[in-house]
Amino acid sequence: MSISLILRPLIAVIVSAALYTVALPDLGWWPAAFVAWTPLLVVLPNLRKRSAFFAGWALGTLSHLGIFPWISHTAQTMSNFSPAAGAVILVLFALLHGLAWGVTALGIRTLSEGKQGIGYVVTTAAIVSAVEFVNPQLFPWHLGNVFWRVPILMQGVEITGIAGATFVAVAFGAALAAILKRGGGAVRGAVFAVAILVVWVAYGVVRFGQVEKEVSQAPTARLALVQPDVTAADRLEKGFEAKVHVIEKEIATTRSGDLEGVEAIIWPEGAFPTTFPTNLQGQAIVSQRVAMTLLRHIRGALRTFDKPLILGSVTKPDAETVHNSAIMISPKGSIERQYHKRRLLAFGEYMPFSDLFPGLKGLVPRVTDMTPGSHAEVFELGPAKAMMSICYEAIHPEFTRQAALSGGGNMILNLTNDGWFGDYGAPGQHLMVQAPRAVELRTSLVRVTQTGITAVISPSGKIIVETGIHEKRTVTVDVPLKEPKSFYLSFGPVFAWLCVLLALSMVISRISTLVKRRRGLGPSV
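Computed from a predicted structure; not experimentally measured.

## Comments concerning unusual backbone geometry
At step 1: The omega angle of the peptide bond from Pro 25 to Asp 26 is 15 degrees, so this bond is cis rather than trans.
At step 2: Along the polypeptide, Asp 26 turns up in the loop between α1 (3–23) and α2 (38–43).
At step 3: At Asn 80, a residue that is not glycine, the phi angle is positive and equals roughly 60 degrees.
At step 4: In this structure, Asn 80 sits in the loop between α4 (70–79) and α5 (83–111).
At step 5: You will see that His 470, though not glycine, has its phi angle at about 60 degrees, which is positive.
At step 6: Within the secondary structure layout, His 470 lies in the loop between β11 (463–466) and β12 (473–480).

And the structure:
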């Protein structure tokens with residue numbers, strides 16, 4: 001075998017993985033997304049199908065190693081794994097998630113065979129978008145997410161969802177690959193891909209201006225977003241004094257802000273450093289003396305602030321049930337509302353398959369056994385009607401869409417704690433995958449975190465507020481209030497399903513052709 005036959009695919013995989021890695025936060029070089037698939041697409045036609053799968057798998061594995069090194073850090077910080085064990089977990093995570101990329105490369109290699117020009121571009125972009133959509137990821141993300149800081153490139157997701165942004169980027173990269181391969185119909189494919197991009201950008205320019213005008217005329221609610229910089233190390237400190245220190249830090253950070261005219265003070269997920277001392281009826285559990293003392297500190301501060309407070313905490317309504325909750329406390333200290341997180345994080349808030357195999361529960365340190373909540377909640381904060389979500393939930397487009405369809409909200413409020421994930425990669429990536437919810441639903445996204453990044457995203461996709469990592473700060477912001485309304489809200493991920501149907505139809509057609517060929521009924525190739 002010629003060395004070039006091995007080196008060319010290897011170099012292509014490495015370059016494509018590097019382009020993927022630099023396109024995402026923290027580097028955030030989003031133009032790289034337009035050519036991320038190009039190097040691999042150039043060499044795919046020369047690979048056997050098995051080799052195409054392994055090349056795609058290698059691309060996915062290397063990309064995940066480059067994008068998610070914080071997985072190792074989290075395993076060490078949160079569950080006390082050794083550095084070596086953390087590295088093994090990262091590699092296993094990357095290998096597992098890379099499999100879908102192997103399927104993608106195999107699909108492109110097989111289904112684009114014989115296609116040229118526009119057919120090749122559409123086939124490639126549809127397969128990538130379809131596999132992204134159906135792929136069950138622990139931390140769901142899409143290539144199109146990288147455009148989150150460029151509102152003009154995000155406007156179309158109000159129709160297509162994030163799959164549309166992926167499609168546009170991959171179509172451009174596929175057209176470039178066809179030109180580099182000097183394939184037939186390459187010019188037509190390039191014209192088509194550029195036309196799609198031009199339409200996408202033109203739509204973005206028009207819609208961004210329209211929505212910005214609507215936002216400028218919309219009512220607002222002034223909220224105080226508190227980022228206290230309570231770190232993972234702070235949370236690992238044991239004892240009563242350590243817990244009091246956390247509460248005092250949050251109160252002091254709140255006092256540092258401008259609370260004039262504020263409708264509510266918002267603290268992040270996990271702001272209460274122990275189990276909150278109330279059940280679902282708001283009755284205090286007197287035996288929890290530490291928690292009651294901490295709550296008295298908060299109530300004393302609220303009497304001074306004279307503002308309602310929303311904070312995140314673990315709640316335990318009975319001996320068998322543990323929730324990750326958002327709690328609204330009135331200025332007088334009474335518990336007004338509670339929301340219990342409904343979409344739990346695997347390997348953090350529950351151990352997968354532990355219902356079938358109870359021995360898995362408690363196997364990994366700090367992997368809890370939480371109970372998901374049962375329904376959506378809207379917290380009323382003056383004119384604001386906040387659709388509540390906690391951390392991981394706002395990553396999921398359909399989850400957030402269903403919450404919006406339940407009605408009554410005019411903004412999304414998300415409480416997050418990214419402190420366990422370290423200072424690099426994860427905070428920016430988490431915001432990156434949440435930000436499109438604002439454009440998809442055309443409503444503001446307010447995100448309050450422990451250590452950063454606290455942010456407010458306008459219905460236009462414009463970033464109104466963005467804090468730094470470990471910036472201890474209270475941000476007072478006038479949040480535009482706009483009831484969700486968009487094609488995506490009404491009809492869901494229609495575009496993504498069209499990509500899936502197109503890919504499936506090509507698979508069925510391919511299988512039918514092979515069957516006929518084996519029976520001697522079809523053309524020999």
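## Observations concerning the environment of Phe 379
At step 1: As for its placement among the helices and strands, Phe 379 is situated in strand β6 (residues 378–381).
At step 2: It is 20 Å that separates the C-alpha atoms of Phe 379 and Gln 434, two residues lying 55 residues apart in sequence.
At step 3: Look past the residues within four positions of Phe 379 in its chain and what remains in contact with it is Ile 310, Ala 326, Ile 327, Met 328, Arg 337, Gln 338, Tyr 339, Ala 384, Lys 385, Ala 386 and Met 388.

## Focus: the environment of Asn 410
At step 1: Considering the arrangement of structural elements, one finds Asn 410 in the loop between α13 (397–405) and β8 (411–416).
At step 2: Given the relative accessible area of 10%, Asn 410 is considered buried.
At step 3: The residues touching Asn 410, leaving out its near neighbours within four places in the chain, are Pro 383, Ala 384, Lys 385, Thr 443, Pro 480, Leu 481, Lys 482, Glu 483 and Pro 484.
At step 4: A polar contact of 2.7 Å, which involves the side chain of Asn 410, links it to the backbone nitrogen of Lys 385.

## So, a nonpolar patch on the surface
At step 1: On the surface, a nonpolar cluster with roughly 880 Å² of combined accessible area is contributed by Leu 7, Leu 10, Ile 11, Ile 14, Val 15, Leu 62, Leu 65, Val 88, Val 91, Leu 92 and Leu 95.
At step 2: If you list the elements that add at least two residues to the nonpolar patch, you get α1, α3 (49–67) and α5.
At step 3: In terms of residue count, the dominant contributor to the nonpolar patch is α1 (five residues).
At step 4: Inspection of the secondary structure puts Ile 11 in helix α1.

What counts and how
Residues numbered from 1 in each chain as written. Predicted model: local features only at pLDDT ≥ 70, side-chain atom pairs only at ≥ 80, totals over all residues. Heavy atoms only, no water. Helix = DSSP H or I, 4+ residues; strand = E, 2+ residues; numbered from the N terminus. Contact = heavy atoms within 4.5 Å. Buried < 20%, exposed > 50% of the residue type's maximum accessible area, 1.4 Å probe, protein only. Polar contact = N/O pair within 3.5 Å; in protein donor to acceptor, adjacent residues only side chain to side chain. Patch = residues over 30% accessible without salt bridge, like charges linked within 9 Å, V, L, I, M, F, W, Y side chains within 5 Å. Areas by Shrake-Rupley, 256 points an atom, 1.4 Å probe, with all protein chains shown as cover. Salt bridge = Lys/Arg side-chain N within 4 Å of Asp/Glu carboxyl O.

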